[in-house]
Amino acid sequence: MDFRIGHGYDVHALADDLKLVLGGVEIPYTKGLVAHSDGDVAIHAVCDALLGAAALGDIGLHFPDTSSDYSGIDSKILLHRTAAMVREKGYEIGNVDCTIRMQRPKLRPFIDAMRRALADAMGVDDDRVSVKATTTEHLGFEGREEGVSVSAVALIFRP
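Residues numbered from 1 in each chain as written. Predicted model: local features only at pLDDT ≥ 70, side-chain atom pairs only at ≥ 80, totals over all residues. Heavy atoms only, no water.

Enquirer: Tell me about the pattern of salt bridges, residues and numbers included.
Expert: One pass over the full model with this rule turns up eight salt bridges. Notably, a salt bridge pairs D97 with K132, separated by 2.4 Å at the nearest N-O pair. Placement of D97 in strand β5 (residues 92-101) and of K132 in strand β6 (residues 129-134) is noted, with a sequence separation of 35 residues between them. The exposure class of D97 is partly exposed, given its relative accessible area of 24%. For R104, the salt bridge goes to E145, with nearest N and O atoms at 2.8 Å. Separated by 41 residues along the polypeptide, R104 in the loop between β5 and α4 (111-122) and E145 in the loop between α5 (140-143) and β7 (147-158) bring together distant segments of the chain. (Salt bridge = Lys/Arg side-chain N within 4 Å of Asp/Glu carboxyl O. Helix = DSSP H or I, 4+ residues; strand = E, 2+ residues; numbered from the N terminus. Buried < 20%, exposed > 50% of the residue type's maximum accessible area, 1.4 Å probe, protein only.)

Enquirer: Mind laying out the packing of aromatic side chains, listing which residues take part and the relevant values?
Expert: With the rule as written, the count across this model stands at two aromatic pairs. Where F3 meets F157, the ring centres are 6.5 Å apart and the plane angle is 40°; that geometry is what we call tilted. Note that F3 is positioned in strand β1 (residues 2-16) and F157 in strand β7, a separation of 154 residues in sequence. Ring plane angle 80° and centroid distance 5.5 Å describe the contact between F63 and Y70, whose orientation is recorded as edge-to-face. Judged by relative accessible area, which is 13%, Y70 ranks as buried. (Phe/Tyr/Trp six-rings, centres within 6.5 Å; stacked < 30°, edge-to-face > 60°.)

Enquirer: Describe unusual backbone geometry, with residues and values.
Expert: In this chain, R104 is followed by P105 through a cis amide linkage whose omega measures -5°. With respect to the element layout, P105 can be found in the loop between β5 and α4. Of note, E145 is a non-glycine position whose phi angle comes to about 65°, a positive value.

Enquirer: Tell me about the state of the cysteines, residues and numbers included.
Expert: This structure, assessed with the given rule, holds zero disulfides. Looking at C47, it has no disulfide partner, and the nearest cysteine sulfur is the one in C98, 11 Å off. For C47, a relative accessible area of 0% corresponds to the buried category. Since its relative accessible area comes to 0%, C98 is described here as buried. (Disulfide = S-S within 2.5 Å.)

Enquirer: Describe the sheet that holds β7, and please don't skip the residues or the numbers.
Expert: With mixed pairing, the five strands of this open sheet are ordered in space as β4-β1-β7-β5-β6. Each having just a single partner strand, β4 (31-33) and β6 make up the two edges of the open sheet. Averaged over all adjacent pairs, the angle separating strand axes in this sheet is 20°, with direction ignored. Inspection of the sheet shows β5 paired to β6 by six bridges, in the parallel sense. If you follow T99 over to β6, its bridge partner there is K132. (Pairing = 2+ DSSP bridges. Axes fitted to C-alpha atoms, helices over the stretch in contact; angles between N-to-C directions.)

Enquirer: Describe in detail the pairing of β7, supporting the description with residues and values.
Expert: With respect to burial, β7 is a largely interior element, nine of its twelve residues being buried. One ladder, built from nine bridges, connects β5 with β7; its direction is antiparallel. If you follow I100 over to β7, its bridge partner there is V150.

Enquirer: Any chance you could break down the packing of helix α3 (residues 75-88) against α4 for me, citing the residues and the numbers?
Expert: Orientation of α3 relative to α4, taken along the N-to-C sense of each, is 45°, at an axis distance of 7 Å. As far as their axial angle goes, α4 and α3 are oblique. Relative to α4, α3 is oriented so that their crossing is right-handed. The residues of α4 that touch α3, namely those facing K76, L79, H80, A83 and R87, are A117, L118, A121 and M122. In terms of residue class, the contact of α3 with α4 is made up of six nonpolar, one polar and two charged. (Parallel < 35°, antiparallel > 145°, perpendicular 65-115°, else oblique. Left-handed = near helix turned anticlockwise from the far one by under 90°. Contact = heavy atoms within 4.5 Å. Nonpolar A, V, L, I, M, F, W, Y, C, P; charged D, E, K, R; others polar.)

If you want it as structure tokens, here you go:
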């Protein structure tokens, strides 16, 4: 079998009175993500990991923030399309793992819903998706609650 690994990373700023969507789940909070799309930084990192594994470039190449087609779009749609691109190249998704870094709010109550939402968008079982969250102990832009960063890795394979 042909195995490939990809890595993705994304960052978005936080601002007052915007919607906070992470891993396909809307999370109640006083701040949300500044972005052209819905700002789902977790999905964007996963898309980049999958695209990188398949040598298909990055999310900006396929879904540019200069296009009105993607203004306010639900990032689960982008992830669904990304998974389809990976499959068009003859690969299947083995697993995805992502780590969300932000100080607040606590994300543990939303992790299982994120795993399900990501799995549904990719068309895989949720046991192939891992989502972890951590604070940065008040260090850096995440710790100061100025933004959120996410790193992701993906394994794809050609059966």
